[in-house]
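# Coordinate analysis (summary)
Here's the letter readout for the chains.
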Amino acid sequence: MSDNNNNNNNNNDNNKTTLRLNYPYTKEAVKNLKAGDMVLISGKLFTGRDAVHKHLHDTQISPVNLFNQIIYHCGPVVLQNPQTKKYEVKAAGPTTSIREEPYQWEIMRDHGIVGVIGKGGMGPKTLDGLIKYGCVYFHAIGGAAQVLAEKIVSVDNVYLMELGSPEAMWELSVVDFPVVVTMDSHGYSLHEIIKRKCDQHLKQLLDHN
Amino acid sequence: MNEINVINLNSIGLKENIFNSLLELLRRTSTELTKDVTDILYKAYDDEVEGSEAKYAMKIIKDNLELAKSKSAPICQDTGTVLIYVNHPVGFPQREFMNIAKEVVIRATELGYLRQNSVNSINQKNAGNNIGLGHPSFHFEEHEHVNENEKNKIEIRIMLKGGGCENVGMQHSLPNITIKANRDLDGVKRAIIDVVAQAQGKGCSPGVLGVCIGGDRSSGQLESKHQLLRKLDDHNEDPILDKLEKEVVAIANKLEIGPMGFGGKTTLLSCKIGHLNRLPASFFVTVAYMCWVHRRQGIELDKDLKIKSWLY
Ligand code: SF4
């Protein structure tokens with residue numbers, strides 16, 4: 001990854017268009033995505049938070065084939081309609097991703113996923129995994145539980161229910177699920193770029209007055 | 001003249017009334033933000049540049065507010081720590097009130113206004129109903145009434161404080177060489193800005209800060225949260241702190257951290273600063289970070305303990 005390339009990916013460019021990522025996802029499609037891209041995802045997502053990550057990492061076995069799939073760091077509020085027995089997602093915002101930092105690299109390696117959605121960004125080990133295994137980190141909008149739940153058009157399956165509902169692995173279909181790529185498969189991290197800019201501003205604002 | 005008006009919350013009608021008042025307060029706190037907050041969020045949306053990541057994020061934030069309100073559903077699925085602040089007259093039965101408030105929290109959880117969000121720290125079991133040691137968190141204050149009209153006034157405020165933003169709050173002890181913060185107002189400013197810079201977007205920015213200068217470690221924490229109860233468009237009575245509040249917001253918004261840390265113009269919506277006396281040996285600056293989902297609402301009760309008016 002490059003340390004001094006601040007203006008890759010047109011981060012200062014306004015009026016960028018929103019891109020689309022449609023199912024089935026491929027490594028090639030994901031390779032074209034750059035940090036700073038605004039993307040609407042349509043297709044499948046598999047939820048996974050702490051317990052799922054620990055399971056996938058420790059056992060290296062997934063209850064469903066995750067090859068070319070996306071994992072969403074989310075503990076959704078899901079209710080089952082007592083009549084139809086159908087599951088409905090009531091709230092589905094992202095949870096803090098950094099808690100999965102110990103596991104994410106190995107999960108990319110062992111399960112062949114193409115992307116992760118979460119919030120807050122991830123660390124250097126994950127960034128390295130993104131480059132090695134051709135993945136991207138998508139940032140969803142923290143707190144936007146209702147908008148994001150509306151983008152989920154169906155709950156298709158649930159795995160590892162023994163972990164409890166919020167921790168289980170829910171297979172969801174989404175349409176136009178809004179995210180921003182903040183870490184790409186080329187080693188660029190919007191979080192690092194923003195942090196560096198912030199540090200420069202800090203120096204100027206606090207030390208020259 | 002000094003006669004104490006003892007309220008019996010267990011009398012049938014009153015109990016039902018206060019239960020319903022609290023439930024409605026909790027519902028509104030979880031599903032709607034108050035006007036002082038939405039005004040400033042909408043302005044932040046307007047300020048961001050068309051086509052930027054920040055505008056994209058603020059648009060979703062705006063849509064989410066409208067959707068949550070119309071569906072009467074939680075704005076964010078992390079419904080946070082439930083903090084209940086009661087300002088009450090002499091003779092107010094705190095323990096009875098706590099029992100009723102806990103029943104309200106259980107009901108609000110069943111109705112989905114609150115997520116099952118309270119976990120035992122030793123065995124990691126989720127209580128399932130949001131009741132456990134220290135939760136909900138109660139804060140009582142007997143008011144000093146100035147006139148006869150105010151004598152029996154009861155005000156209740158609720159704050160829902162999410163975990164992501166709570167995690168990025170900090171308590172600095174001055175002096176701090178790393179951030180060049182001495183024991184003066186410039187040092188205080190540096191300490192506050194350092195919290196914003198370290199948080200980046202992780203507290204679900206744009207955020208609101210509650211700050212306490214001084215106190216001991218625990219009173220500083222309480223006061224910093226208490227500052228978050230202030231209206232965002234108010235002015236600090238202390239001109240020095242008023243100036244500092246504005247300065248902090250201005251500096252923070254030049255850091256280009258932006259909504260969600262995507263870059264952009266609005267990093268901080270507001271900053272509220274209070275102070276407490278300190279020991280000569282300590283100088284704490286405590287910062288409570290609240291995410292854009294700045295959930296707090298309040299009511300004044302009438303003599304039947306029904307909602308008389310909304311405080312925000
Ligand atoms: S920090 Fe606030 S907006 Fe973000 S997930 Fe937590 S409660 Fe929701």
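Below you will find a few notes about this structure. As the structure is a prediction and not an experimental result, all values here were calculated from the model.

## Notes on the overall build of chain B
Scanning chain B from terminus to terminus reveals eight helices and nine strands. The globule rule puts the C-alpha radius of gyration for 312 residues at 20 Å, and the 20 Å found for chain B is close to it. Based on the C-alpha atoms only, the size of chain B along its principal axes is roughly 55 × 50 × 45 Å. For chain B, with 312 residues in total, the buried portion stands at 57%. Considering only contacts in chain B between residues 6 or more positions apart, those separated by 24 or more positions represent 77%. In the structure as shown, chain B presents an accessible area of about 13800 Å², 51% of it carried by carbon and sulfur atoms. Taking the 39 positively charged and 40 negatively charged side chains of chain B as two groups, their mean positions are separated by 4 Å.

## Some details on the interface of chain B and chain A
With 40 residues of chain B at the interface, the matching set in chain A holds 43 residues. Summed over both sides, the interface between chain B and chain A buries roughly 3400 Å², with carbon and sulfur atoms accounting for 62% of that surface. Counting every contact that joins chain B to chain A gives 14 residue pairs in polar contact (both at pLDDT 80 or more). Mapped onto the side of chain B that touches chain A, the elements with two or more residues apiece are α3 (53-71) and α6 (185-199) of chain B. At ten residues, α3 of chain B tops the list of elements feeding residues into the side of chain B that touches chain A. Split by residue class, the side of chain B that touches chain A holds 21 nonpolar, eight polar and eleven charged.

## Comments concerning the sheet that holds strand β4 (residues 170-173) of chain B
Residue and element names in this part refer to chain B. Strand order in this open sheet of four strands is β4-β7-β5-β6, and the pairing throughout is mixed. Only two strands of the sheet have a single neighbouring strand rather than two, namely β4 and β6 (268-276). Geometrically, the sheet is characterised by an average inter-axis angle of 15 degrees between neighbouring strands, direction not taken into account. Direction of pairing for strand β5 (residues 207-214) relative to β6: parallel, over a ladder of eight bridges. Counted as the bridge partner of C212 is G274 from β6. Strands β4, β5, β6 and β7 (284-290) of the sheet are contacted by helix α7 (residues 217-227), whose axis makes an angle of about 140 degrees with β5.

## With respect to empty space enclosed by the protein
In this approach, a probe sized like a water molecule rolls over the atoms, and the result shows the empty space that is left. Residues and elements named next belong to chain B. In this structure the tally under the stated criterion is two cavities of 30 Å³ or more. Of the voids in this model, the second largest cavity is the one considered here, and its volume is about 30 Å³. Counting residues per element, the ones that place at least two in the lining of the second largest cavity are α1 (12-31) and α4 (94-110). The element best represented in the lining of the second largest cavity is α4, accounting for three residues. Of the residues in the lining of the second largest cavity, the class split is seven nonpolar, no polar and no charged.

## Here's the deal with the packing of aromatic side chains
Residues and elements named next belong to chain B. Following the criterion strictly, the structure yields eight aromatic pairs over all chains and no others. Consider the rings of F92 and F97, whose centres lie 5.6 Å apart with planes at 50 degrees: the pair is tilted. Residue class for F92 comes out buried when judged on its relative accessible area of 7%. Ring plane angle 80 degrees and centroid distance 5.9 Å describe the contact between F97 and F140, whose orientation is recorded as edge-to-face.

Cut-off values and rules
- Residues numbered from 1 in each chain as written.
- Chains lettered and ligands numbered in written order.
- Predicted model: local features only at pLDDT ≥ 70, side-chain atom pairs only at ≥ 80, totals over all residues.
- Heavy atoms only, no water.
- Helix = DSSP H or I, 4+ residues; strand = E, 2+ residues; numbered from the N terminus.
- Rg over C-alpha atoms; globule rule 2.2 N^0.38 Å.
- Buried < 20%, exposed > 50% of the residue type's maximum accessible area, 1.4 Å probe, protein only.
- Contact = heavy atoms within 4.5 Å.
- Areas by Shrake-Rupley, 256 points an atom, 1.4 Å probe, with all protein chains shown as cover.
- Lys, Arg positive; Asp, Glu negative; His and termini not counted.
- Charge placed at Lys NZ, Arg CZ, Asp CG, Glu CD.
- Buried area = accessible area lost by both parts, 1.4 Å probe.
- Polar contact = N/O pair within 3.5 Å; in protein donor to acceptor, adjacent residues only side chain to side chain.
- Nonpolar A, V, L, I, M, F, W, Y, C, P; charged D, E, K, R; others polar.
- Pairing = 2+ DSSP bridges.
- Axes fitted to C-alpha atoms, helices over the stretch in contact; angles between N-to-C directions.
- 1 Å grid on protein atoms, 1.4 Å probe; cavity = no way out; pocket = protein on both sides within 12 Å on 5 of 7 lines; lining within 4 Å.
- Points joined across faces, edges and corners; volume = space filled by probe spheres on them.
- Phe/Tyr/Trp six-rings, centres within 6.5 Å; stacked < 30°, edge-to-face > 60°.

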